[in-house]
Structures are given as C-alpha cells and as structure tokens.
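Residue-level listing of the chains:
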2 protein chains.
Amino acid sequence: MSGRGRVASGQPTIADVARHAGVAVSTVSYVLSGKRAISELTRNRVLASIRLLGYHPNAGARALASRRANVIALVLPLRSGIQVPVVMQFATAVVTSARRHDHDVLLLTSDEGPEGLRRIAAGALVDGVLVMDVELHDARVPLLRELGRPSVLIGLPADTGGLTCVDLDFHRAGQVCVEHLAGLGHRRIALLGAPSAVYDRETGFAHRTRAGVVEAADRHGVEAVTEPCEENAADVHARVVELFTRHPELSGLVVQNEAAVGPVQAALVGLGRRVPYDVSVVAVCPDQFAEHASPRLTSVPVPAEEIGRQAVSLLMRKLHEEPVPEVTLLEPRLTVRDSTATATAEPVPAGDGTAAARFCDGTAAAR
Amino acid sequence: MSGRGRVASGQPTIADVARHAGVAVSTVSYVLSGKRAISELTRNRVLASIRLLGYHPNAGARALASRRANVIALVLPLRSGIQVPVVMQFATAVVTSARRHDHDVLLLTSDEGPEGLRRIAAGALVDGVLVMDVELHDARVPLLRELGRPSVLIGLPADTGGLTCVDLDFHRAGQVCVEHLAGLGHRRIALLGAPSAVYDRETGFAHRTRAGVVEAADRHGVEAVTEPCEENAADVHARVVELFTRHPELSGLVVQNEAAVGPVQAALVGLGRRVPYDVSVVAVCPDQFAEHASPRLTSVPVPAEEIGRQAVSLLMRKLHEEPVPEVTLLEPRLTVRDSTATATAEPVPAGDGTAAARFCDGTAAAR
DNA sequence: ATCCGCCGTCGAAGCGCTTCGACAACCGGC
DNA sequence: GCCGGTTGTCGAAGCGCTTCGACGGCGGAT
C-alpha cells in the first residue's frame, strides 16, 4: 500500500529511495541527517538513488517527526515612515543567512499583530521568530517572552530582560555624528530626524539617535536643536527653511531620514547655503544613498546586512540552545565624504579650492 | 502513550481537545474544517475546549495529512536596479491577501535561483509559487512549467504559454504617457528609462514600456528618443544634460525610474528649464513618489497592491483547480498633476525665455 | 580463543492530523 | 410499521519522516 509513493503525490518518498538503494528507510534518513555513521559504500548508493529519483524530503513529514520546521519567521514593518530600502536590505540578509543555516523564511507583516505571531509559533510552522521595528513598549514583547520559541528582536525595547536584541548603537551613532561636526568646529547644529509618527510610535532607534545627539552636543558645548521631518520633499523643504530661519547661525546638520537626503540638499541650495562650505551635512542612511548623492555624503551607514546576519546567527544559536547575549549593539562607523568641512568664521571667496584653505584655520586644534 | 500531548511539546493536540470535549478526534477535525455536518451542540462544546486549552493545529501534521501546507512562496528580486518601494508594496499586498485566504508566505530571493524553487516545491513546503521580476527569457519559466505546482508570474516572459501572468500593461502605459504629451502639443519627447542593466537582463516591463512609447510616438507623429538611466543622482544629471544638449528642442519627458524622479527635476532646474512651463514630465512610478515630488508629478502609477492582490487571487483559484486566464494585464491610468502643461508656441516672458523660444521653429507643424 | 565494545544497519513506533467507511439514530413516506 | 435516506459521530488507516532500541559482525584487548 505504501509501496509506491510516487503514485499518490507524484514525488518519490524516502521509502522509494530505500527500496531503490536496497536499504532500510532509517538508513536513508541517517545518510541525510548524518546522525549515525554510515559506511561509505552505503552512503554512496543511497545518494545515487536520491539523485536518480529526484528525491526531496517532504517538509511537513520532517517537521512533524523531528519537531523542527527549519523555517523562521521574519516580522517586517510594512507600513510607512520606515525606511524601505533598509528594510529590504534586512530582509535580503536574513533570507540569505537563513538559507546558509538550512532554514527558510516565512514573511509576516507587523499589522497581523500578536495574533499572527501566536498562530505561527503555536502551530509549529516556524522554529523561531525575528522581529523588526520594535517599539519601546511593544505589544509583542510580552508575547515573545511567553511564546516558548526562540526569538530575536532587531531594535531595542525599553526592557530587554529575557530577550535577545541586535541593533546598531544608534545612541552612539548620534554621538559620532556630533563629535565629527564638533571636531570640525561647528557650534550650532540641528538633527533633522524621522517622521514624527516614528517618534510617537516610540520606535527605539529614533529616540536613541536623538538622545545621542543631544548628549554629545552637551558634552562638546555644541548647541543642538532637533526636529522631526516627514518623508516628502515639501515638508523637508519647509523644515529646513524653518530651521535656518529660526537658527540662521546653524552650520551643521545631522539627517536621519533617507527620504530627506535629496530634498535637504535642494533646500539648502535654495537658501543659498552650499554644502559643505556653508553647512556640513552628516546623514544616518544606507551607504548607497550617501554615495549617490551629490556631493557624496559623510554618513553613518545602517549596516542592515550585518544586523540581519547577526540576528539570524543569534537565532540559530538559540535554536541549538546555546547561550547568547541579551543585547548586541553594533558599533557605528562614520565615513567621511564630501558633505562635511571645517566650520568657517569668514565668508568664502569663490571657486572650490577654498575648501582646502578653510581646513587650515578651522582644524588647527584637531586632535 | 499518546495520551498527553501537552507533555511532549507543550502544546495541546487535537487529541487533548477531543478528550476534553468528550468527542472523537475526527469530530474535532470536522468542526475545524467544516467538511462534515456537526450538531450545534457538539460544535460549541468542541470550540469551547479549543479556546480553553489554547489549541492551535500543528502545521506540519496538517500539511502531511492533507497534502496542503497553506503556504505560498513569494520569489522577490532582492537585487539592485529594481524599484525597491514597488517591491515592498507587492510584498505587503501579497502577504495581506494571502492571509485573507488563510495562507502564509514563504520568502525566497531570486538569487537562490531555480534550485531553490525546486527544493521548496518538491518538498511540499509550499502549495504554490508567486514569481516577481520575470525576465523575457527567464530560466525559471521552464522549471515552473514542469514543477507540478500552481504558479503565477508577476511580469511577462516572452512565451506565456501554459503559464499564468499578471502585470500592469506597460506597453499601454508607455502609449498613455506619449498620448498625454502629444495631446498637449509636445512633438519632441524622450524616455528616461530604467538602468541599462534592467534592459540587458531583458526584464519585460522596461522593454514593453519603451515599445509602447516608440509606437505611440510614431502613431502621433512625435519624435521620441529613449535612454536608459542609472539610479544615482550623478548619472541622472548627466543623462538629462546630454539629452537636452543633443536634442535642445525636447519639451516632454517620460521618466520610468523612481530613483531618477528627484534628480531629473533638479537637473532641469540646473539647465534653466522649468517644469512644466518649459518641459513636461510624466513619470511611471508609485503614486506616493509622484505626490511628494514638487511640483507634483503627472504619473502612471504602478498599481503594486492591485497586482499583488490579483496574483494571490489567481494563485488561489489555481490551487482550487479553477481555470484562470493565461495573461492578466491591468489597464494603466494616468493621473494628471502639476508637471505637465501645453507645449508653448511663444517664448515665455520672464526667466530665461530662451528655452521656450526654441519651441517655435521646431513645433510649427503641430497638428 | 573469548569477551567486550563499536560500527553499520534494520524494524517499528510514533509525530498530530485528515479522511474514509461504518454505523447508530432518527426522519418521513408508503 | 417497514424501508430508504439523512444526519451526526466514531474508529482506524495512513501521510512521510525521525529516532530509538536491537542486533549481527568484526577487531582489539585479555
């Protein structure tokens, strides 16, 4: 009856392989899993049969018997206000890394909410969960704690107790930006941040960056104002104009909003402020954006790929019941490009040989 | 032995529910699936037990027994040259629609290639496949044909025989853009297209749009030049400058490249050409982009959400073995905003009227 | 030689669910 | 009041795989 798996499903079963190779079903299984020693000879015979028959293990049966689905869930924020390209980079990195660990990725959207998580996890559709876009007081966090399945958060909630979180150290990133500007002699700077919805939602990264900026500014005797900013050209323009109207002496700008990068530059041009001669701009954005802007932007990239890889790797370790750190923060690195320069005390003559000239006076005290 | 499912897995099994409700396992199953009549009384008792125990059916067991995983695969292009936000919109729409049909979505990347598809499908991890970013001569197409699992392509390969495809009618979209410009009296237009890599890869939509543009231009006696364009500000700028240098009399621009939208406008400003007074711009891009640009762009949106929904719905119908059309093309609609205007015959008073002046000689014969 | 232990393999017992056939109990029609 | 047809429920047979215990055979230690 169970003699001819091919008939029912069109796919050969492990029994077909076993019969073809003249071994027991369990032997085939052990060849595949490597959990028991199998002689070279037998292994080769089995592998040959597998290839010949085009056998692929049935995922459902495997999951049922082994209690591991070899699938992880990835919960993505598919809503506005979140940087789409960064999310895509995450997703790519996660899928790629997961495959390296022989796992597939089930895609969930945030808006399915906790119920979706529960369904997936309780039904054993997935072995573990990766959650992006975590808010400071995220409704899913308590659920994750009680879920009984390993999970890794990308982002930091207010209380990380009993969780595993990875993220860029945005607090440090904010500091780094300010330190860079301060080092160039800028004394009045502004943070043009995420859309206000992101702050309202208490998404950690926006708050942490802002805190880092404010703190470093304090520490370096720099005056800093912070301003949220929507993701459309018109609002960016309005914010920039407003900023420079209220604070005409601003000479440094930290921009944490990919969508704003282009429009900010346009707006500055409109105001007759040149980058970097009149205003230095540091962006927190994907490298790709920074490279493609003109002038190329000094930036602190969000290492989406690295974070994705780390997250998967942490999750895998949890699946193997290895201990992992509660919080993993990646050190930001600032790449200097063409959008930042020494703060000038004097108006700039003309041409652009001047940039170099200015470096001299402003940067004398550089340590 | 199988008496206490809770012990082994921590999750109650259908047997626990049955015992608790005082019915047979099969009865519980029928309550859940509705495939046989169950008395009101029994049903309620069972449902109460389910809720009380917090029962969730085990996905693996269900898939094994029913031969349906209730999961579909979504193959996304996670590489460059493809419009990221559009892809995200697709993904969101697909996940959301799939959930409405009680299915989950497994995320695959294109770069796993055909082997990934085979693994997923043969292993019965998924019931069907959705493939995005189909190329004219896509290596995965033959595989899909032989796979024995329902699939839907988002995009059109050269030969659609035996397949199911959904897409925006890009050919028509190209025509619509040209018709709009022609109707406004423009006689020299250009298509600023996708990155050349996209054309080389023979991704259908780019070619189809170009063909539509060329054809409609011919038909309307409009001169059209087409030009690929990379996704960075510098290249966009260069292309625009080059276009207007070689064809100074250009007065209409069709842009099919989200990333180019902002830079194009900047470049035109740089050339002293105002939108829409000197140059009319029509974009093929997400509505969101068109809305947020300034001036707001007349555009043909890519209805990613609609296409995603359609794709899922088609796939579901195939899963139920219902017949579906081979090709579903969505009619493009053009939204007129502020970036297109009538071609001028007279020089525009203020500003640098030179641009407008040039229109006179070239466009006298407009019908 | 003899025994122990290891290696390589096998058979069988599930994993938790769906589904098929069986079968009481009950209905109305003649 | 007997029969055919529902209606509601049950039991059991798998679905295809993993894993555990068993076991024959072989080599090295005794």
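Residues numbered from 1 in each chain as written. Chains lettered and ligands numbered in written order. Predicted model: local features only at pLDDT ≥ 70, side-chain atom pairs only at ≥ 80, totals over all residues. Heavy atoms only, no water.

**Student:** Any details on the pairing of strand 8 (residues 252-255) of chain A? Residues and values, ideally.
**Tutor:** Residue and element names in this part refer to chain A. The alternating pattern of strand 8 places Gly252 and Val254 and Leu253 and Val255 on opposite faces, both of which are buried. Here strand 6 (residues 188-192) pairs with strand 8 via four bridges, running parallel. Note on strand 8: the bridge partner recorded for Leu192 is Val255. In the sheet, strand 8 pairs with strand 9 (residues 280-284) via four bridges, with the strands oriented parallel. Within strand 9, the residue paired with Leu253 across the bridge is Val281. In this fold, strand 8 hands off to helix 13 (residues 258-270), which returns the chain to strand 9; that crossover is right-handed. (Buried < 20%, exposed > 50% of the residue type's maximum accessible area, 1.4 Å probe, protein only. Helix = DSSP H or I, 4+ residues; strand = E, 2+ residues; numbered from the N terminus. Pairing = 2+ DSSP bridges. Right-handed = clockwise from strand over helix to strand, strands pointing away.)

**Student:** Break down the protein's contact with DNA strand D for me, citing the residues and quoting the values.
**Tutor:** The immediate surroundings of DNA strand D are formed by 32 residues, with Ile14, Tyr30 and Arg36 of chain A together with Thr27 and Thr42 of chain B found nearest. Sugar plus phosphate, as a fraction of atoms of DNA strand D within 4 Å of the protein: 59%. With respect to DNA strand D, the side chain of Tyr30 of chain A contributes an N or O atom lying 2.5 Å from a base nitrogen. One of the side-chain nitrogen or oxygen atoms of Arg36 of chain B is found 2.8 Å away from a base oxygen of DNA strand D. Of all the elements in the fold, those that place two or more residues in the surface near DNA strand D are helix 3 (25-33) and helix 5 (59-66) of chain A together with helix 3 (25-33) and helix 5 (59-66) of chain B. Each residue belonging to the surface near DNA strand D can be placed in one class, and the counts come to 15 nonpolar, 12 polar and five charged. (Near = heavy atom within 4 Å. Polar contact = N/O pair within 3.5 Å; in protein donor to acceptor, adjacent residues only side chain to side chain. Nonpolar A, V, L, I, M, F, W, Y, C, P; charged D, E, K, R; others polar.)

**Student:** Residues and numbers for the protein's contact with DNA strand C, please.
**Tutor:** What surrounds DNA strand C is a group of 32 residues, the closest being Thr27 and Thr42 of chain A together with Ile14, Arg36 and Tyr55 of chain B. Ser26 of chain A has a polar side-chain atom sitting 3.1 Å from a base oxygen of DNA strand C. Listing elements by their share of the surface near DNA strand C, those giving two or more residues are helix 3 and helix 5 of chain A together with helix 3 and helix 5 of chain B. For the surface near DNA strand C, a count of residues per class yields 15 nonpolar, 12 polar and five charged.

Keep in mind that these numbers describe shape and distance, not what the molecule does.
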